[in-house]
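What follows is the residue order along each chain.
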Amino acid sequence: MFRFGEPLYLYLLIILPLLVIFYLYSNYRRRKRLRRYGDMELLERLMPQVSKYRPDVKFWLTIAAMAMVIFMLAQPQFGSKMETVKRQGIETVVALDVSNSMMAEDVTPSRLAKSKRLVSRLVETFNNDKVALIVFAGEAFTQLPITSDYVSAKMFLESISPSLISTQGTDVRAAIDLALKSFTPNEGVGRAIVLITDGENHEGGAIEAAKEAAEKGVHVFVLGVGSPDGAPIPVEGSNEFRRDKDGNVVVTRLNEDMCREIARAGNGMYVRVDNTNNAERALNAEINKLAKADVETQVFTEFDEQFQVLAWLALIFLAVEAMLLDRRNPLFKNVKLFK
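Small disclaimer: the values here were computed from a predicted structure and weren't measured. (Residues numbered from 1 in each chain as written. Predicted model: local features only at pLDDT ≥ 70, side-chain atom pairs only at ≥ 80, totals over all residues. Heavy atoms only, no water.)

Section: the packing of aromatic side chains
Step number 1: Across all of its chains, the model carries 3 aromatic pairs by this definition.
Step number 2: Grouping aromatic residues by their ring pairs yields a cluster made of Tyr23, Phe59 and Trp60. (Phe/Tyr/Trp six-rings, centres within 6.5 Å; stacked < 30°, edge-to-face > 60°.)

A closer look at the pairing of strand β3 (residues 91-97)
Step number 1: Judged by how many residues are buried, β3 sits mostly within the fold: 7 of 7 residues are covered.
Step number 2: Going residue by residue along β3, you find Glu91, Val93, Ala95 and Asp97 tucked away on one face and Thr92, Val94 and Leu96 tucked away on the opposite face as well.
Step number 3: Note: β3 against strand β4 (residues 130-136), 7 bridges, orientation parallel. Bridging across to β4, Thr92 finds its partner in Val131.
Step number 4: Read from β3 through helix α4 (residues 111-125) to β4, the crossover connection turns out right-handed.
Step number 5: Where β3 meets strand β6 (residues 191-197), 6 bridges bridge the pair, whose relative direction is parallel. (Buried < 20%, exposed > 50% of the residue type's maximum accessible area, 1.4 Å probe, protein only. Helix = DSSP H or I, 4+ residues; strand = E, 2+ residues; numbered from the N terminus. Pairing = 2+ DSSP bridges. Right-handed = clockwise from strand over helix to strand, strands pointing away.)

Considering the environment of Thr167
Step number 1: The topology assignment puts Thr167 in the loop between α5 (150-158) and α6 (172-180).
Step number 2: Relative accessible area serves as the criterion here: at 36%, Thr167 is assigned to the partly exposed category.
Step number 3: Leave out the neighbours within four places in its chain, and Thr167 touches Ala137, Gly138 and Glu139. (Contact = heavy atoms within 4.5 Å.)

Here's the deal with the layout of surface pockets
Step number 1: The space that makes up the second largest pocket amounts to roughly 260 Å³.
Step number 2: Taken together, 14 residues line the second largest pocket, and the ones lying closest to its centre are Met103, Pro162, Pro234, Glu236 and Arg242.
Step number 3: Residue composition of the lining of the second largest pocket, grouped by class: 6 nonpolar, 5 polar and 3 charged. (1 Å grid on protein atoms, 1.4 Å probe; cavity = no way out; pocket = protein on both sides within 12 Å on 5 of 7 lines; lining within 4 Å. Points joined across faces, edges and corners; volume = space filled by probe spheres on them. Nonpolar A, V, L, I, M, F, W, Y, C, P; charged D, E, K, R; others polar.)

Next comes the structure, spelled out in structure tokens:
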């Protein structure tokens with residue numbers, strides 16, 4: 001595994017293109033001034049010792065040396081040893097409703113977009129914890145198996161959309177059943193299922209599934225997204241709304257009663273998600289109460305510094321730059337390289 005020990009130094013690379021732009025602009029101004037004195041070919045004959053290309057070569061050697069030094073300061077490292085380490089953490093499975101009703105905009109910018117942002121911020125608070133992502137509508141499937149790779153979790157989260165599942169509905173039972181199978185076999189670890197849904201078109205069996213989860217020591221937290229008053233469902237790529245078979249605009253409403261029942265049966269908590277951050281704060285507070293136990297994680301524990309090669313390259317570039325004269329060496333007047 002490759003990494004930089006001090007990646008902030010990489011921001012210094014921004015200086016290099018600025019130096020290149022300044023150098024090219026200076027050359028342009030210099031050539032422009034020379035043209036005022038006469039023909040360029042005639043001027044070259046009058047100054048036979050002035051090299052046309054060597055200043056450019058010296059400049060690019062200096063830029064290359066500076067780049068090597070910046071990378072060296074960033075401390076490039078290669079992981080050389082993989083070990084299983086134990087850290088204190090919990091396991092959380094996020095089950096996200098991706099039915100078409102989650103595209104309603106009674107929560108800004110939409111129910112689904114708001115939910116994804118909430119999950120993203122939740123993942124950012126994790127430390128030594130594990131997380132899994134499940135998406136569901138009329139059926140459920142695993143988007144990301146349980147992991148401590150939070151970067152991958154946020155990447156998979158961004159790709160979630162209603163198009164992932166063609167079967168419409170809200171089969172909460174299938175989501176909870178799949179979530180229960182997603183946890184690791186570790187003993188004593190705090191476990192939670194975070195169910196995010198508008199609760200509409202409930203398929204049945206969710207209460208029983210939540211009770212089963214609670215019996216296994218898993219807390220089921222339900223986040224209800226939307227408003228009880230409801231909102232129409234936009235048709236993607238148009239200004240129209242979804243309609244039923246009679247041509248009436250479909251209005252989707254948050255089923256808070258169902259969400260509360262599932263949370264109660266799952267020994268968890270129900271929170272309504274609106275345009276504030278109250279739901280996020282309440283969920284974080286509840287998850288932090290869960291017992292943390294040793295969670296096994298595969299990590300690189302030894303990293304070897306790789307700056308030596310970069311240091312040698314920087315020295316070589318600087319040495320060549322120092323030995324390369326701006327003017328042509330008369331001893332090599334017949335040599336065309338860097339003339």
